[in-house]
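Residue-level listing of the chains:
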Amino acid sequence: MWQEGEVVSEDLTIDLTCRTYRDEKDYQAVAGLMSAAALVDGPENARTTEEERQLLSGPLALPEENLFLFEVKGQLVAYGRIELEEGPGKSAFFMRGTVHPDWRRRGIGTRVIERIEQRIQERLGEATQQAVYANAWTNLKHEDRQALFRKMGYELARYFFDMERTLHEEGSPVKVPDPVSPAGIAVQSVDERPDLDALVLTVNEAFRDHWGHTDTTLEQWQHWTSEPDHRPELWYIAWDTEKDEPAGLCGNGIVPEHNDRVGRQEGWVHVLGVRRAYRKQGLGRALLLTGMKALQDEGMQWAMLSVDAESLTGALRLYEGVGFQPVKRSVAFRKVIRG
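What you see is a predicted model, and the numbers here were worked out from it, not measured in a lab.

Draft legend 1. Geometry of the packing of helix 1 (residues 25-41) against helix 2 (residues 49-56). The interhelical angle for the contact between helix 1 and helix 2, taken along N-to-C directions, is 115°, at an axis separation of 8 Å. In this view, helix 1 runs roughly perpendicular relative to helix 2, as classed from their interaxial angle. As helix 1 runs across helix 2, the sense of the crossing is right-handed. Between helix 1, through Y27, Q28, V30, A31 and M34, and helix 2, the contact on the second element is made entirely by T49, E52, R53 and L56. When its residues are assigned to classes, the contact of helix 1 with helix 2 shows 5 nonpolar, 2 polar and 2 charged.

Draft legend 2. Focus on the environment of Q325. Position of Q325 among the secondary structure elements: in strand 15 (residues 325-338). Taking relative accessible area as the criterion, Q325 reaches 54% and is therefore assigned exposed. A C-alpha to C-alpha distance of 5.1 Å links Q325 and M163, two positions 162 residues apart in sequence. Those residues in contact with Q325 that sit more than four places away from it in its chain are D162, M163 and E164.

Draft legend 3. Fine view of the side chain of R19. Looking at where R19 falls in the secondary structure, it is placed in strand 2 (residues 16-20). Separated by 3.1 Å, the side chains of R19 and E71 make a polar contact. Those residues within four positions of R19 in sequence are excluded, and the remaining contacts are D26, L67, F68, L69 and E71.

Draft legend 4. Summary view of the environment of R334. Position of R334 relative to the elements: it lies in strand 15. Taking relative accessible area as the criterion, R334 reaches 15% and is therefore assigned buried. The spacing of R334 and Y133 is 201 residues in sequence and 6.5 Å in space, taken between C-alpha atoms. Setting aside residues no more than four positions away along its own chain, R334 makes contact with K90, Y133, A134, N135, Y154, E155, A157, W211 and G212. Looking at R334, its side chain comes within polar contact range of the side chain of N135, at 3.4 Å.

Draft legend 5. Quick look at the confidence of the model for the protein. Here the protein shows a mean pLDDT of 93. Residues at 70 or above account for 96%. Counting contacts from residues 4-9, a segment whose pLDDT is below 50, to residues more than four positions away or on other chains yields 23 contacts.

Draft legend 6. Representation of the packing of aromatic side chains. According to the stated counting rule, one finds 8 aromatic pairs in the structure shown. Considering the side-chain rings of W221 and W235, the 5.6 Å spacing of their centres and the 85° angle between planes classify their relative orientation as edge-to-face. Taken together, the residues W221 in helix 7 (residues 218-224) and W235 in strand 11 (residues 235-240) connect sequence positions 14 residues apart. Taken as a pair, W221 and W235 share a single burial class, namely buried. One aromatic cluster is present, built from ring pairs that chain together F149, Y154 and F333. In this arrangement the basic side chain of R193 is found over the ring face of W239, its NZ or CZ atom lying 3.5 Å from the centre. Taking NZ or CZ as reference, R334 lies 3.8 Å from the ring centre of Y133, over its face.

Reading guide: rules and limits
Residues numbered from 1 in each chain as written. Predicted model: local features only at pLDDT ≥ 70, side-chain atom pairs only at ≥ 80, totals over all residues. Heavy atoms only, no water. Axes fitted to C-alpha atoms, helices over the stretch in contact; angles between N-to-C directions. Helix = DSSP H or I, 4+ residues; strand = E, 2+ residues; numbered from the N terminus. Parallel < 35°, antiparallel > 145°, perpendicular 65-115°, else oblique. Left-handed = near helix turned anticlockwise from the far one by under 90°. Contact = heavy atoms within 4.5 Å. Nonpolar A, V, L, I, M, F, W, Y, C, P; charged D, E, K, R; others polar. Buried < 20%, exposed > 50% of the residue type's maximum accessible area, 1.4 Å probe, protein only. Polar contact = N/O pair within 3.5 Å; in protein donor to acceptor, adjacent residues only side chain to side chain. pLDDT = per-residue confidence, 0-100. Phe/Tyr/Trp six-rings, centres within 6.5 Å; stacked < 30°, edge-to-face > 60°. Lys NZ or Arg CZ within 6 Å of the ring centre and 35° of its normal.

Here is the structure:
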């Protein structure tokens, strides 16, 4: 996600310096910046120091090379970072950044993107695919940020929805249909059968048809599952009992810090995917309902998820069919770097 401000001419009076990550004190500084931005951009954007440490210490982050901190007289006023992800058929640099609300409308966002793009050129030789893109996201309501991206040569490429579905009303559970799996399919939690190799295989194949997909690695999943809030008992894999192979998965999560910020109990369906050979049999719906019931049993008021508004797999229809409704729209911007 990107948070900037109205695009204006660069303020040449600012003594803006840029450096990369030094030590763990920078995690705290970035978390403070995100929390200040959240007062303007929405509470869901806040971060704790531990959350920033988890994000910035991942296997693709490499903060000593790819995290840029912009300061004025030692005060952190903005940051930007990139991660390179691969294939199939493309290499993608994912951009993220924030400008402190007190320092917006001074052209700092432009400086951040320019430094990120310089780093992309420095790393271009690492990209394994001929087609190389730079990607960024923002909330649809932030027209100023969209103007910033367009100014820098990015084009609007895709719309996404955040969707919600009620699980409890007035303290009582709302009816969630019982999941019905196809014949020969057994659904187990990752806690019951902790097979990360199967999880990675399923995610990469299930999402290969999705716009912008890049493959994930076992190392990435091991890092993500080391998060303090990871709940393997809320992740479900569907197994073909005859072939003993994974058919699909539904990964769910609850982040208490996030719920404290937004003031309600939300459980998120982070991942829902079915491998190609097992589609059009109702497995996606069965997995989704399994995840929703698990979140409901945990006392969550709402089930939340994000979806590509133009998904070719029919995901939007599936979610609407079990009661999800769009509540927020975001947009993806893309710039062709090569190919």
